[in-house]
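Structural overview
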Amino acid sequence: MRYFDHVATNPLLPEVLDAMMPYFKEQFGNPLSPYDLGIAAKTAIEDARAQVAALVNAKAGEIVFTSSGAEANNFALKGIALAKQQSGNHIITSKAEHHSIMNTARSLEKLGFVVTYIPVDKYGLVDPKDVEKAIIKDTTVISIIHASSEVGTIEPIKEIAALAKAHNVTLHVDSVAAVGAIPVDVAALGVDLMSMTAHQFYGPKGAGALYIRGGQRILPLIYGGIQENGRRAGTENVPAIVGMGKAAALAKRDLAIRTQHVTRLRDRLIDVIGKVESVHLTGHPHNRLPGHASFVVEYIEGEGMLLMLQAKDIVAASGSACTSKALKASPVLISMGIPSSMAHGSLVFSMGIGNTEEDVEAINEELPKIIRRLREISPFGKSGWGKSEPEATH
Amino acid sequence: MNLKFVENVKADITSDIVYMMCPMHLLKLEEHMGELDEGQILELMTDYDGALEDIPAWCDNTGNEFMGIDEVDDYYKIYIRKARKAVS
């Protein structure tokens, strides 16, 4: 199988599984237990914490493990909004966020918070000036996606962080698609909170983390015991956390090689598929994730292309994993001004370290044929519902 | 229970554990008392009401001095002075 859906998830690296295995078997202790078995589990978690911290240049004590990137996003947005409720009830986010931020923001609106959703441009970029304009006296938290898993665009986080700081507003970034894919340095970026997840950098599912800058107060999302320094209750998923630590260490070691590899594959794919008639690259042409090539294909639907690609043993995505399942036009693409009809023809190829040039050539060979075939049998025709809207000339 | 209220206490160590879960107040208390020299003062910032009972009781048990609390906004500042001859 030629796997091109690394934004959905990554395969586990064998070294990561090896590091995890003892914690499924003989090292099964509860990290809170005071005897040797528990202490060994606790030590393993603390080692993993240092490894994850090193990947993003944080201090170990600033990393809280969660069950996923989605939990980290929920924890960050709800935790800060509620902790700072007495200072204000206004939240700023963008229209290009993942569901775990978008739906969390909506849930906070129901609790009485006011949310401003910043628009993005045709590349999916947030303009820091728009963020600054949206800040009011009551604004307590800004949450912006670091890099979009749908269109690959990398947002100007450093600029947004500088103005958040100037206005004394807490900044959270959803870096789930960025950490492990590009160099990420919390100190250089100047962010207050950052979400990440292990399975985006060849670690296991079931482990995520939230970076919380030292001194930042946050209300817990899950109450209970004193795990994670009293900030996130629940007996720790020790094997997954150990795996996240190992995966982080490998990502830090190999980041440059990985990036170089997937960038070459990405550029080759964009070079060929981007030239197919009525196929458009989505997201920013240069400022995008190294292994990410996303397109909208006019006149046909993404689902059809995915099925026919799979028949050729090629696996890719259409929109985000969740929108693909719900058969809805991606809100991210819509927010970028792409017409709903065209957004249905979305395709996302995300490359990983296991992909080869041969894999990319297989797509370059098969996809244009698939597009041609589907357009021939499309009842809508080239001038039908899929036609892109003419650009305004005035 | 009679609580003493204090103001403008100058602490040697300040620990902000607001919104952290119980019993973090006791764990942090022990941790920081270990870092202090005799006669020095710990300021513990917490929103946990139970700390108002637990910390004086802990001080009674260990011989450290519970100096009092300062109520601010929606949390407490609790002051503890490390005893000259503390039991723990």
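Residues numbered from 1 in each chain as written. Chains lettered and ligands numbered in written order. Predicted model: local features only at pLDDT ≥ 70, side-chain atom pairs only at ≥ 80, totals over all residues. Heavy atoms only, no water.

Let's talk about the overall build of chain A
Operational definition: Helical segments are the DSSP runs of H or I of at least four residues, strand segments are the runs of E of at least two, and each set is numbered from the N terminus. With C-alpha atoms as the basis for the radius of gyration, the globule rule is written as 2.2 Å multiplied by the number of residues raised to the power 0.38. Burial classes: relative accessible area under 20% of the type maximum marks a residue as buried, over 50% as exposed, and values in between as partly exposed (1.4 Å probe, protein chains only). The contact definition used throughout considers only heavy atoms, calling two residues in contact when any of these lie within 4.5 Å. Here, Shrake-Rupley sampling with a 1.4 Å probe gives the accessible areas, and only protein chains in the shown set may cover a residue. We score Asp and Glu as negative and Lys and Arg as positive, and we do not count His or the chain ends. Just so you know, the charge point we use is NZ for Lys, CZ for Arg, CG for Asp and CD for Glu.
Within chain A, the regular secondary structure consists of 14 helices and twelve strands. A compact globule built from 394 residues would reach a C-alpha radius of gyration of about 21 Å, and chain A, at 22 Å, matches this within 12%. With respect to the principal axes defined by its C-alpha atoms, chain A has extents near 70 × 50 × 30 Å. The buried share among the 394 residues of chain A stands at 56%. Taking all contacts inside chain A whose residues are at least 6 apart in sequence as the whole, residues at least 24 apart take part in 73%. As displayed, chain A has an accessible area near 16,700 Å², and 55% of this comes from carbon and sulfur atoms. In chain A, 39 side chains carry a positive charge and 41 a negative one; their mean positions are 3 Å apart.

Looking at the sheet that holds strand 10 (residues 292-297) of chain A
Strands belonging to one sheet form pairs held by backbone hydrogen bonds; the direction of such a pair is parallel or antiparallel. Residues and elements named next belong to chain A. Test applied: Any two strands between which DSSP finds at least two bridges are classified as paired. In this analysis, axes come from line fits to C-alpha atoms, helices being fitted only over the stretch in contact, and the angle between any two N-to-C directions falls in the range 0 to 180 degrees.
With antiparallel pairing, three strands are arranged side by side in an open sheet as 9-10-12. What marks the edges here is a single partner per strand, and that holds for strand 9 (279-281) and strand 12 (346-350). The average angle at which neighbouring strand axes cross in this sheet is 25°, direction not considered. As judged from the three bridges shared by strand 9 and strand 10, these two strands associate in the antiparallel manner. Residue His280 lies in a different strand from strand 10, and its bridge partner there is Val296. Taken strand by strand, helix 10 (residues 302-311) contacts strand 10 and strand 12, and its axis lies near 45° from that of strand 12. The strands touched by helix 14 (residues 357-377) are strand 9, strand 10 and strand 12; relative to strand 12, the strand with the most contacts, the crossing angle is about 170°.

Quick word on the domain arrangement of chain A
Residues and elements named next belong to chain A. Convention followed: Either an automatic procedure or a domain database provided the assignment from which the domain bounds are taken. Accessible area, probed at 1.4 Å, shrinks when two parts are joined; the buried area is that loss added up over both. Counted as salt bridges are all cases of a side-chain nitrogen of Lys or Arg within 4 Å of a carboxyl oxygen of Asp or Glu.
In terms of domain boundaries, chain A breaks down into domain 1 (13-251) and domain 2 (255-377). The C-alpha centroid of domain 2 is placed 28 Å from the C-alpha centroid of domain 1. Contact residues are listed per partner, giving 29 residues for domain 1 and 26 residues for domain 2. Summed over both sides, the interface between domain 1 and domain 2 buries roughly 2,200 Å², with carbon and sulfur atoms accounting for 61% of that surface. The largest share of the area that domain 1 buries against domain 2 comes from Glu150, Val151 and Tyr202, three residues that together contribute 29% of it. Counting every contact that joins domain 1 to domain 2 gives zero salt bridges.

Quick look at the interface of chain B and chain A
With 13 residues of chain B at the interface, the matching set in chain A holds 17 residues. The junction of chain B with chain A conceals about 1,200 Å² of combined surface from both sides, 60% of it contributed by carbon and sulfur atoms. The largest per-residue losses of area from chain B upon contact with chain A belong to B:Tyr19, B:Met20 and B:Met21, which jointly make up 58% of the total buried on that side. Where chain B meets chain A, there are one salt bridge. Among the ionic pairs, A:Arg217 bridges to B:Asp16, the shortest N-O distance being 2.9 Å.

Section: unusual backbone geometry
Of note, the bond from B:Cys22 into B:Pro23 is cis; its omega dihedral lies within 30 degrees of zero at 5°. Examined against the element boundaries, B:Pro23 turns out to sit in the loop between strand 1 (13-16) and helix 1 (24-35). With a phi close to 60°, A:Asn57 is a non-glycine residue in the positive phi region. Note that A:Asn57 resides in the loop between helix 2 (36-55) and strand 2 (63-66). Positive phi, close to 55°, is recorded for A:Glu228, a residue that is not glycine. Here A:Glu228 is to be found in helix 8 (residues 227-230). You can call A:Glu228 buried: its relative accessible area is 6%.

Examining the nonpolar core
All names here are of chain A. Which entries qualify depends on this criterion: To define a nonpolar core, start from buried Ala, Val, Leu, Ile, Met, Phe, Trp, Tyr and Cys residues and group those joined through side-chain atoms within 4.5 Å.
Counting residues in hydrophobic clusters, the biggest one holds 70 residues, and the most contacted among them are Val56, Ile63, Ile142, Val191 and Met194. Of the residues forming this core, the biggest block, nine residues, is contributed by helix 9 (residues 238-273). Here this core spans two domains, and each of domain 1 (13-251) and domain 2 (255-377) adds at least three residues to it. Residues Leu269, Met305, Ala316 and Met351 belong to the second largest nonpolar core, which totals 27 residues.

Side note on the side chain of A:Ser346
Residues and elements named next belong to chain A. Checked against the element boundaries, Ser346 lands in strand 12. Take Ser346: its relative accessible area is 3%, and that puts it in the buried class. Among all residues touching Ser346, those that are not within four sequence positions of it are Phe295, Val296, Gly302, Ala317, Ser318, Gly319 and Leu333.

Points about the packing of helix 2 of chain A against helix 9 of chain A
Residue and element names in this part refer to chain A. Going by this rule: Here a crossing is taken to be left-handed if its near helix is turned anticlockwise relative to the far helix by less than a right angle, and right-handed if that turn runs clockwise. Three residue categories are used. Nonpolar comprises Ala, Val, Leu, Ile, Met, Phe, Trp, Tyr, Cys and Pro, charged comprises Asp, Glu, Lys and Arg, and polar comprises the others, including Gly.
It is at 8 Å that the axes of helix 2 and helix 9 come closest, and there the two elements cross at 35°. Here the hand of the crossing between helix 2 and helix 9 comes out left-handed. For the pair formed by helix 2 and helix 9, the contact residues are Ala41, Ala44, Ile45, Ala48, Gln51, Val52, Ala54 and Leu55 on the first element and Val238, Ile241, Val242, Met244, Gly245, Lys246, Ala248, Ala249, Ala251 and Lys252 on the second. Taken together, the residues of the contact of helix 2 with helix 9 sort by class into 14 nonpolar, two polar and two charged.

Details of the packing of aromatic side chains
Where we set the bar: Pairing of aromatic side chains here covers Phe, Tyr and the six-membered ring of Trp, requires ring centres within 6.5 Å, and sorts the geometry by plane angle: under 30 degrees stacked, over 60 edge-to-face, intermediate tilted. Two conditions define a charge sitting above a ring: the NZ of Lys or the CZ of Arg must be within 6 Å of the ring centre, and it must be within 35 degrees of the ring normal.
Across all of its chains, the model carries two aromatic pairs over all chains by this definition. Here the aromatic rings of A:Phe4 and A:Phe349 are separated by 6.3 Å at their centres, their planes lie at 80°, and the arrangement is edge-to-face. Taken as a pair, A:Phe4 in the loop between strand 1 (2-3) and helix 1 (14-24) and A:Phe349 in strand 12 lie far apart in primary sequence, 345 residues in all. Residue A:Phe4 shares its accessibility class with A:Phe349, and that shared class is buried. Relative to A:Phe349, the ring of A:Phe295 has its centre 6.3 Å away and its plane inclined at 65°; by these criteria the two rings are edge-to-face. With A:Phe295 in strand 10 and A:Phe349 in strand 12, this pair connects stretches of sequence that are 54 residues apart. The same class applies to A:Phe295 as to A:Phe349, namely buried. Each member of the aromatic cluster is reached from another via a ring pair, and the members are A:Phe4, A:Phe295 and A:Phe349. Lying across the ring of B:Tyr75, A:Arg217 places its NZ or CZ 4.4 Å from the centre.

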